[in-house]
Amino acid sequence: LLLARAMGKLQSKISFHTTKYRADGAGGQTGPAGASRQHSPTHTDAVTSVAALKPDLCVSGGRDKSVAVSSWKSGAALRRFIGHEREVTKVTSALDSNRVFSASRDKTVMMWELHRTSGPSQHFPGHDLVVTGLAVSPDASQLCTGSRDNTVCKWDTETGECLGRAAISRNLVTHLCWVPGEPYVIQTSEDKTTRVWDSRELQVAHTFPAKQHIQTCCDASQDGRYCLSCSSGAAGHGAEATLWDLRQTRGRVCEYKGHFQTTTSCVFLPRGPALAPSIATSSSDSTVKVWDQNTAGRG
């Protein structure tokens, strides 16, 4: 582990050009009350990432280089942020905040304010290759980013200062997520491992046993007790999701097998008063599966 904290004074000093960056307002077509509504597609090319923003809003990023804020209820794209030079790879936000974060193949991360009318409010340059992981702390004060350049970085969202940079050989980051209520960040990698980072010193606190396939995505439960990771695969080999214990044994709890191709994402589903804990997975085999978290039975 190489920890280059000498970058601690790095500031984002890219000039903001209003001709390059844009925040557009957009609305769908609406008719009389009760009439059907039609909305233009949110993006003009493939959607690469989506995340919750507020109870009625979500944020998405696409190959069209844009970031959009849309209404869950109406389907209308309410805001569109333009500024990245290449495809947007990840989007995230601190839930119920007004800040949206986007990562891109242009090697940068940008922060956007929901009600800001001009360009991004902050830049986070510093990676040497495409940014593939993005996680924001619950209070939106810090940001962790990961890249195919084998590094994980921590940033101050107010100043854009790089607070730390850690590099691990062959650690091609595929995803990051922040554990609710904890200083820990989960990271999956093409080296087939899932790591737990302590964000305070940007050091690896734990590494789960390596799987047989690339780990493509991760998620943390709302109570901070468990995390999920999922695997690449083909022809029914691999493609499983794995439940890991974060607090006690720090070992494997359960596996969810049934996809025939790469499992591209995994998520803990909100738990209702009469519902058993559940998770959902999506796959390149064109299916989404919902599983009982405790028994691995499909719903």
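None of the values given here were measured: they were computed from a predicted structure. (Residues numbered from 1 in each chain as written. Predicted model: local features only at pLDDT ≥ 70, side-chain atom pairs only at ≥ 80, totals over all residues. Heavy atoms only, no water.)

K.L.:
Describe the overall build of the chain, naming the residues involved and giving the relevant values.
P.N.:
Within the chain, the secondary structure is distributed over zero helices and 27 strands. Considering the chain as a whole, with its 299 residues, one finds that 52% of them fall into the buried category. Within the chain, counting contacts between residues at least 6 apart in sequence, those at least 24 apart form 44% of the total. (Helix = DSSP H or I, 4+ residues; strand = E, 2+ residues; numbered from the N terminus. Buried < 20%, exposed > 50% of the residue type's maximum accessible area, 1.4 Å probe, protein only. Contact = heavy atoms within 4.5 Å.)

K.L.:
Help me get a handle on the UniProt feature "repeat: WD" (unreviewed entry) in the chain, residues and values and all.
P.N.:
Within this numbering scheme, the UniProt entry marks residues 81-114, 124-165, 173-207 and 256-292 as carrying the feature "repeat: WD" (unreviewed entry). Secondary structure within residues 81-114 divides into 0% helix and 56% strand; the distance between the first and last C-alpha atoms comes to 9 Å. Taken end to end, residues 173-207 has its terminal C-alpha atoms 14 Å apart, with 0% of it in helix and 63% in strand. (UniProt positions renumbered as here; feature names shortened; annotations may be inferred.)

K.L.:
I'd love a proper account of a nonpolar patch on the surface, names of residues and values included.
P.N.:
A contiguous nonpolar patch, built from Val267, Leu269 and Val290 and spanning about 190 Å² of accessible area, is present on the exposed surface. Within the fold, Val290 resides in strand S27 (residues 288-292). Given a relative accessible area of 35%, Val290 falls into the partly exposed group. (Patch = residues over 30% accessible without salt bridge, like charges linked within 9 Å, V, L, I, M, F, W, Y side chains within 5 Å. Areas by Shrake-Rupley, 256 points an atom, 1.4 Å probe, with all protein chains shown as cover. Salt bridge = Lys/Arg side-chain N within 4 Å of Asp/Glu carboxyl O.)

K.L.:
Quick rundown of the side chain of Arg165? Include the residues and the values.
P.N.:
Within the fold, Arg165 resides in strand S14 (residues 162-167). In this structure the side chain of Arg165 is engaged in a polar contact, spanning 2.9 Å, whose partner is the backbone oxygen of Gly126. (Polar contact = N/O pair within 3.5 Å; in protein donor to acceptor, adjacent residues only side chain to side chain.)

K.L.:
Break down the pattern of salt bridges for me, citing the residues and quoting the values.
P.N.:
Considering all chains together, one arrives at 13 salt bridges under this definition. A salt bridge links Arg105 to Glu87, with the shortest nitrogen-to-oxygen separation between them at 3.5 Å. Of the two residues, Arg105 is situated in the loop between strand S8 (99-104) and strand S9 (109-113) and Glu87 in the loop between strand S6 (77-82) and strand S7 (88-93); the sequence distance between them amounts to 18 residues. One salt bridge in this structure joins Glu158 and Arg99, with 2.6 Å as the shortest N-O distance. Of this pair, Glu158 sits in the loop between strand S13 (151-156) and S14 while Arg99 sits in strand S8; the two residues are 59 residues apart in sequence, bridging distant segments of the chain. Take Glu158: its relative accessible area is 53%, and that puts it in the exposed class. Residues joined in a network through salt bridges with shared partners are Lys211, Glu240, Arg252, Glu255 and Lys257.

K.L.:
Could you give an account of the side chain of His175, naming the residues involved and the relevant values?
P.N.:
Along the polypeptide, His175 turns up in strand S15 (residues 173-178). Note on His175: relative accessible area 17%, which makes it buried. Once you skip the residues sitting within four places of it in the chain, His175 turns out to touch Lys90, Thr132, Gly133, Ile186, Gln187, Thr188, Thr216, Cys217 and Cys218.

K.L.:
Explain the sheet that holds S27 residue by residue, including any values.
P.N.:
Within the open sheet, the three strands sit side by side as S25-S26-S27. Their pairing is antiparallel. Sheet topology places strand S25 (263-268) and S27 at the edges, where each strand pairs with a single neighbour. Between one strand axis and the next, the sheet turns by 20° as a mean value, whatever way the strands run. Here five bridges tie S25 to strand S26 (residues 278-283), and the two strands are oriented antiparallel to one another. Considered in S26, the bridge of Phe268 is made with Ile279. (Pairing = 2+ DSSP bridges. Axes fitted to C-alpha atoms, helices over the stretch in contact; angles between N-to-C directions.)

K.L.:
Describe the pairing of strand S16 (residues 184-189), and please don't skip the residues or the numbers.
P.N.:
Across the six residues of S16, five count as buried, placing the element largely inside the fold. Turn length for the S15-S16 hairpin, with the two strands adjacent in sequence and antiparallel, is five residues, and the turn residue Gly181 shows positive phi of about 70°. In sequence, S16 turns back onto strand S17 (residues 194-198) through a hairpin of four residues, with Lys192 there showing a positive phi of about 80°.

K.L.:
Provide a residue-level description of the nonpolar core, including the pertinent values.
P.N.:
Ranked by internal contacts, the top residues of the largest apolar core, which has 14 residues, are Phe101, Val109, Phe124, Leu134, Val136, Leu143 and Trp155. Within the residue set of this core, elements represented by two or more residues are S8, S9, strand S11 (131-136) and S13. It is S11 that contributes the most residues to this core, three residues altogether. (Core = buried A, V, L, I, M, F, W, Y, C linked by side-chain atoms within 4.5 Å.)

K.L.:
For the sheet that holds S8, give the residues involved together with the corresponding values.
P.N.:
Strand order in the open sheet formed by four strands is S7-S8-S9-S10, with antiparallel pairing between adjacent strands. With one partner strand each, in any of the chains shown, S7 and strand S10 (122-124) form the two edges of the open sheet. For this sheet the average axis-to-axis angle between neighbouring strands, irrespective of direction, equals 20°.

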